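What follows is the residue order along each chain.
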Amino acid sequence: MLTIGQLAATAGVTVRTVRHYHHVGLLPEPERDASGYRRYSAQAAVDLIRIRTLADAGVPLARIDALLHAQPTEFDSAITDIDAELQRKIDQLTEYRSRIAELASGERLVLPPDVVAILNRMRSLGVSELRARLERDSWILLQALDPSAMPRRIRAKNASLDDPETTRLILACDQSVDWDPDDPRLDDLIDDLDAWEIKYERDSTQPETLKLVSSRISEASPAWQRIIDALAHRAQRRRTAGTALTSDS
């Protein structure tokens, strides 16, 4: 006859586990002997080992009691059902892991594949991860503010990345992120960007839907804030001069 401690050691579980199995009705409690101790038989040890084995295999405790008393064919059928349920849980957890992995990148969950491809393309061109993250956030905002414009913006972005001069300026802006706003190198960069905007007939004045996007980029770097402000100022001067010229005509 075994004490509860000896029984637990035989099955490789704790005394607390044995008492839990008593509580849920899986393992009957024996009567106390004359000394006031509960003594367990060899059958109790066998039953406890079977319970532990089934529990370790992932069988819910609520189903173990029926399995302990099932006929061979019933046991096989029940195990097949339990195995199928475990496989469903594995598939679900695998899907959760996949989503968590995507969430870590912060891109595939919230952006269409064409935009994710643009971000990866920018990385392959040498753009820093900071700039790539800001680009990602800009696309997230653009998609929320004006989703109907996304296809056009995607085409335009890919076209710009096909142009060597545009790519050069993107990389130059990326390198200026840590520059002091008064760095004289910014003057040359602003001149280059302004010439590019004139060449491609771009306007640095942002419509309301893009102001939030610009603020997300500029807040990352005082140097970038100066670039955006300077280009917007020059564009405004050109518009003013154009309006005055039209009026004089």
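Rules used in this analysis
- Residues numbered from 1 in each chain as written.
- Predicted model: local features only at pLDDT ≥ 70, side-chain atom pairs only at ≥ 80, totals over all residues.
- Heavy atoms only, no water.
- Helix = DSSP H or I, 4+ residues; strand = E, 2+ residues; numbered from the N terminus.
- Buried < 20%, exposed > 50% of the residue type's maximum accessible area, 1.4 Å probe, protein only.
- Areas by Shrake-Rupley, 256 points an atom, 1.4 Å probe, with all protein chains shown as cover.
- Axes fitted to C-alpha atoms, helices over the stretch in contact; angles between N-to-C directions.
- Parallel < 35°, antiparallel > 145°, perpendicular 65-115°, else oblique.
- Left-handed = near helix turned anticlockwise from the far one by under 90°.
- Contact = heavy atoms within 4.5 Å.
- Nonpolar A, V, L, I, M, F, W, Y, C, P; charged D, E, K, R; others polar.
- Core = buried A, V, L, I, M, F, W, Y, C linked by side-chain atoms within 4.5 Å.
- 1 Å grid on protein atoms, 1.4 Å probe; cavity = no way out; pocket = protein on both sides within 12 Å on 5 of 7 lines; lining within 4 Å.
- Points joined across faces, edges and corners; volume = space filled by probe spheres on them.
- Expected span 1.5 Å × (residues − 1).
- Arc of directions from axis to C-beta.
- Salt bridge = Lys/Arg side-chain N within 4 Å of Asp/Glu carboxyl O.
- Phe/Tyr/Trp six-rings, centres within 6.5 Å; stacked < 30°, edge-to-face > 60°.
- Lys NZ or Arg CZ within 6 Å of the ring centre and 35° of its normal.
- Polar contact = N/O pair within 3.5 Å; in protein donor to acceptor, adjacent residues only side chain to side chain.

Considerations on the overall build of the protein
Tallying secondary structure elements over the protein gives 12 helices and 0 strands in all. Put simply, the protein runs from its N terminus to its C terminus through helices and strands in the order α-α-α-α-α-α-α-α-α-α-α-α. In the protein, which comprises 249 residues, the proportion classed as buried is 32%. A total of about 15500 Å² of accessible surface is found on the protein, and carbon and sulfur atoms cover 54% of it.

Some thoughts on the packing of helix H1 (residues 4-11) against helix H3 (residues 42-56)
The geometry of H1 relative to H3 is characterised by a closest axis approach of 9 Å and an angle of 45° between their N-to-C directions. Here H1 is positioned oblique relative to H3, judged by the angle of their axes. When the axes of H1 and H3 are compared, the crossing they make is right-handed. Contacts between H1 and H3 pair Leu-7, Ala-8, Thr-10 and Ala-11 from the former with Ala-44, Ala-45, Leu-48, Ile-49 and Arg-52 from the latter. A breakdown of the residues in the contact of H1 with H3 according to their chemical character gives 7 nonpolar, 1 polar and 1 charged.

Let's talk about the nonpolar core
In terms of nonpolar packing, the biggest core is built from 21 residues, with Leu-7, Val-18, Leu-27, Leu-48, Ile-51 and Ile-64 touching the most fellow members. Of all the elements in the fold, those that place two or more residues in this core are H1, helix H2 (15-24), H3, helix H4 (61-68) and helix H5 (72-105). Counting residues per element, this core draws most heavily on H3, which supplies 5 residues. Ignoring anything within four residues of it in the chain, the contact list for Ile-64 reads Leu-26, Ile-51, Leu-54, Ala-55 and Val-59. Core analysis: the second largest hydrophobic core is formed by 17 residues, Leu-169, Ile-190, Trp-196 and Ile-217 among them.

What to know about the layout of surface pockets
Approximately 170 Å³ is the volume found for the second largest pocket. Of the residues in the lining of the second largest pocket, the class split is 3 nonpolar, 2 polar and 4 charged.

A few points about helix H6 (residues 113-125)
Since there are 3.6 residues in each turn of an α-helix, residues three or four apart along the chain are aligned in direction. Between its first and last C-alpha, H6 extends 18 Å over 13 residues, near the 18 Å set by a 1.5 Å rise per residue. Within H6, burial applies to Val-115, Val-116, Ile-118, Leu-119 and Met-122. An end-on view of H6 places all buried positions within 155° of arc, on one side of the element. Facing away from the buried side of H6, by more than 90 degrees, are the exposed residues Pro-113 and Ser-124. Looking at the packing, one finds that the buried side of H6 touches helix H7 (129-145), helix H8 (150-162) and helix H9 (164-175).

Overview of the pattern of salt bridges
The tally for this structure, following the rule as stated, stands at 17 salt bridges. Close ionic contact of Arg-121 with Asp-162 constitutes a salt bridge, the shortest N to O distance being 2.4 Å. Of the two residues, Arg-121 is situated in helix H6 and Asp-162 in helix H8; the sequence distance between them amounts to 41 residues. Residue class for Asp-162 comes out exposed when judged on its relative accessible area of 53%. The network of salt bridges with shared partners includes Asp-191, Asp-194, Arg-234 and Arg-238.

Thoughts on the packing of H6 against H7
Remark: H6 packs on H7, axes separated minimally by 10 Å, with the N-to-C direction vectors making an angle of 160°. By the angle between their directions, the pair H6 and H7 is classed as roughly antiparallel. Here H6 and H7 pass one another in a crossing that is right-handed. Contact with H6, carried on its side by Val-115, Ile-118, Leu-119, Met-122 and Arg-123, involves Glu-129, Ala-132, Glu-135, Arg-136 and Trp-139 of H7 and no other residues of that element. For the contact of H6 with H7, a count of residues per class yields 6 nonpolar, no polar and 4 charged.

Re H7
Its 17 residues give H7 an end-to-end C-alpha distance of 24 Å, which sits within 8% of 24 Å, the value for a rise of 1.5 Å per residue. Taken residue by residue, H7 has Arg-131, Ala-132, Leu-134, Glu-135, Arg-136, Asp-137, Ser-138, Trp-139 and Leu-142 as its buried positions.

What about the packing of aromatic side chains?
All told, the structure shown has 0 aromatic pairs when counted by the stated rule. For the cation-ring pair, Arg-131 lies above Trp-224, with the distance from its terminal atom to the ring centre recorded as 5.9 Å.

Here's the deal with the side chain of Asp-194
Assignment of secondary structure puts Asp-194 in helix H10 (residues 185-199). Within the local environment of Asp-194, its side chain forms a polar contact with the side chain of Arg-238, the two groups lying 2.9 Å apart. Leaving out residues up to four positions away in the same chain, Asp-194 has contacts with Leu-231, Arg-234 and Arg-238.

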